[in-house]
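Remarks on the overall topology
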Amino acid sequence: MRIIESAYVHIPFCTHKCDFCDFAAVANMAHLEDEYTQTVIKEIEQRLARTESPVRLSTLFFGGGTPGLVATSSLDAIVQTLARHVEIASDLEFSLETTPHAITDLKLKEWRALGVNRLSIGIESLQDDELSAIGRDHTRDQALRGLAMAAEYIENINLDFMYGLPTQTLSSWSKTLDELQELCARYPQIKHVSAYSLELAVNSPLLMRFPRNSDAYPEEDAFASYFEALLLSLARSGFDHYEVSNFARPGYACRHNLTYWRNEPYLAFGVGAHRYVDGVRSANFRSLNRYLREFQGEEMHEVIDEGTRLKEGLMLALRMREGIDAISFADRYGIDVFTAYNDQISKLQSLGLIEVEGRRLRISDKGVLLSNSILTEFI
Ligand code: SF4
């Protein structure tokens, strides 16, 4: 049984629901914060009592939602509950997500006292018209102010960005990236950048203002240029591209997310939270009201058999730029990838989408943008 080293806690509260957001997030529900905290605490106690695998946390991630918005005493109560029930490593990577305008000096002091040593700030864009197009309720100036404050207290900062936004052009994206490069030079505390292309859920409110066929969105075939500009900019700032959408200064890959991509087990608590524990992937209810009533209930429950574990392991590993080491993969999953997937590998290699170096298999630079289609070849 593999030791569980990571835990995720979902905090759903936000100042405002962004128009593109498909996360379990709610606005104007701050009055439920205490009840929610108490429910998460009960969930932690009851789930841990049933967990068979040994637990020794080396990463803890408060995501959302906007965990930076709630009282630090609420976060503290959750951390203390975890600390009472499981061993916590002394070098814990403790990440907290926040919007830039939820950052204050007082909060930063409290977060640091709580043990937060990695802050993830949702910047998304440095252009005000793009921020307002996607329904964010912060401005570029607030983003810069939040970052400047955070850099005084936290040594390991991640910035989240998005591209493919309505009203965005290659030129405005390049402007954001140029400014990001300056920020990375000014703040060595920026250790990590995530940049995802906008994905619209079917009922996304953003579609009301910008339907899918709106020419406010960048052309699909321009995405390669957006992605190349991103790679170039972050390479100039000395960041390694270590996962399809994630970049880090050397030694600062997000250890928590590596748990997911390495197909390792992890705990998760809170509304809509997904976990992988004792060979089962499961998720809590996404509705806040239902979660508060039935925090032990499950929206999803899947026992992971050997075949699924292998496929997931393969797909997650290929998202990493280091790819798959066939020898350790065989040790863990009992198959030789080069034999089992010979046809797919030959085809993708001839298209220049996969590279083979000795016993290592990885998606090529040319293939990264097509990662999703490449991965489906292996299913
Ligand atoms: S701040 Fe983040 S979690 Fe909250 S509504 Fe906006 S995108 Fe969703």
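All of these numbers come straight from a predicted model, not from anything done at the bench.

Next up on the list: the domain arrangement of the chain. Interfaces are frequently sized by the accessible area removed from exposure as the parts join. Parsing the chain into structural domains produces domain 1 (4–261) and domain 2 (323–379). For domain 1 and domain 2, the distance between their C-alpha centroids amounts to 30 Å.

To continue, consider helix H12 (residues 326–333). Of the positions making up H12, those classed as buried are Ala 326, Phe 329 and Tyr 333. With its buried residues spanning 60° around the axis, H12 presents them on a single face. Residues Ile 327 and Asp 331 are exposed on H12 and point more than 90 degrees away from its buried face. Buried positions along H12 lie against helix H11 (306–319), strand E15 (324–325) and helix H13 (337–340). Immediately beyond the C-terminal end of H12, within one or two residues, lies Gly 334, with a positive phi of roughly 75°.

Let us look at the site of the ligand. Residues in contact with the ligand amount to 13 residues; listed here are only the nearest, Cys 14, Cys 18, Cys 21, Gly 65 and Arg 136. Along the lines of polarity and charge, the residues of the shell around the ligand split into six nonpolar, five polar and two charged.

A word on the environment of Thr 167. Mapped onto the elements, Thr 167 comes out in the loop between strand E7 (157–163) and helix H6 (170–186). When its relative accessible area of 32% is taken as the criterion, Thr 167 is described as partly exposed. Once the C-alpha coordinates of Thr 167 and Tyr 217 are considered, the two residues, 50 residues apart in sequence, prove to be 6.2 Å apart. In contact with Thr 167, not counting residues within four places along its chain, are Asp 129, Glu 130, Ala 133, Ser 172, Phe 210 and Ala 216.

What follows concerns the sheet that holds strand E13 (residues 280–283). Across a sheet, paired strands are connected by hydrogen bonds in the backbone, their directions being either parallel or antiparallel. Across the sheet, three strands lie side by side as E12-E13-E14; this open sheet has antiparallel pairing. Because the sheet does not close on itself, it has two edges, and the strands there are strand E12 (274–277) and strand E14 (300–303). The mean angle between the axes of side-by-side strands here comes to 10°, regardless of whether they run parallel or antiparallel. Here E12 runs beside E13; their pairing, made up of four bridges, is antiparallel. Across the sheet, the residue bridging to Val 277 is Val 280, located in E13.

This part covers the packing of aromatic side chains. Counting across every chain of the model gives 12 aromatic pairs. With centroids separated by 6.1 Å and ring planes inclined at 25°, the aromatic side chains of Tyr 8 and Phe 61 adopt a geometry described as stacked. Residue Tyr 8 is located in strand E1 (residues 4–11), and its partner Phe 61 is located in strand E4 (residues 55–64); the two are separated by 53 residues in the primary sequence. Among the residues examined, Tyr 8 registers a relative accessible area of 14% and is labelled buried. For Phe 61, a relative accessible area of 7% puts it in the buried group. Ring centres of Phe 210 and Tyr 217 lie 6.4 Å apart, and the angle between their planes is 70°; this geometry places the pair in the edge-to-face category. A relative accessible area of 13% places Tyr 217 in the buried class.

Right, let's talk about the environment of His 256 for a bit. Along the chain, His 256 falls in helix H9 (residues 255–261). By relative accessible area, which is 0% here, His 256 ends up buried. It is 5.4 Å that separates the C-alpha atoms of His 256 and Thr 59, two residues lying 197 residues apart in sequence. Excluding its chain neighbours within four sequence positions, the residues that come into contact with His 256 are Ser 6, Ala 7, Tyr 8, Thr 59, Leu 60, Phe 61 and Glu 93.

Looking now at the pairing of strand E16 (residues 354–357). Alignment of E16 against strand E17 (residues 360–363), held across four bridges, turns out to be antiparallel. Counterpart to Glu 355 in the pairing with E17 is Arg 362. Linking two consecutive strands that pair antiparallel, namely E16 and E17, is a turn of two residues; a positive phi of about 60° is found at Gly 358 within it.

For the pair H6 and helix H8 (residues 223–236), interaxial distance at closest approach is 10 Å and the crossing angle is 15°. Regarding the angle of H6 to H8, the classification is roughly parallel. In this structure, the crossing between H6 and H8 has a hand that is right-handed. Two secondary-structure elements touch here, H6 through Leu 170, Trp 173, Leu 177, Leu 180 and Gln 181 and H8 through Ser 225, Tyr 226, Ala 229, Leu 230, Ser 233, Leu 234 and Arg 236.

Our focus in this paragraph is the layout of surface pockets. The space that makes up the second largest pocket amounts to roughly 290 Å³. If you trace the second largest pocket, you find 16 residues lining it, with Arg 262, Ala 317, Ser 328, Phe 329 and Arg 332 closest to the centre. If you tally residues by element for the lining of the second largest pocket, the top one is H12, at four residues.

Each value, and the rule that gives it
- Residues numbered from 1 in each chain as written.
- Predicted model: local features only at pLDDT ≥ 70, side-chain atom pairs only at ≥ 80, totals over all residues.
- Heavy atoms only, no water.
- Domains from an automatic or database assignment.
- Buried < 20%, exposed > 50% of the residue type's maximum accessible area, 1.4 Å probe, protein only.
- Helix = DSSP H or I, 4+ residues; strand = E, 2+ residues; numbered from the N terminus.
- Arc of directions from axis to C-beta.
- Contact = heavy atoms within 4.5 Å.
- Near = heavy atom within 4 Å.
- Nonpolar A, V, L, I, M, F, W, Y, C, P; charged D, E, K, R; others polar.
- Pairing = 2+ DSSP bridges.
- Axes fitted to C-alpha atoms, helices over the stretch in contact; angles between N-to-C directions.
- Phe/Tyr/Trp six-rings, centres within 6.5 Å; stacked < 30°, edge-to-face > 60°.
- Parallel < 35°, antiparallel > 145°, perpendicular 65-115°, else oblique.
- Left-handed = near helix turned anticlockwise from the far one by under 90°.
- 1 Å grid on protein atoms, 1.4 Å probe; cavity = no way out; pocket = protein on both sides within 12 Å on 5 of 7 lines; lining within 4 Å.
- Points joined across faces, edges and corners; volume = space filled by probe spheres on them.

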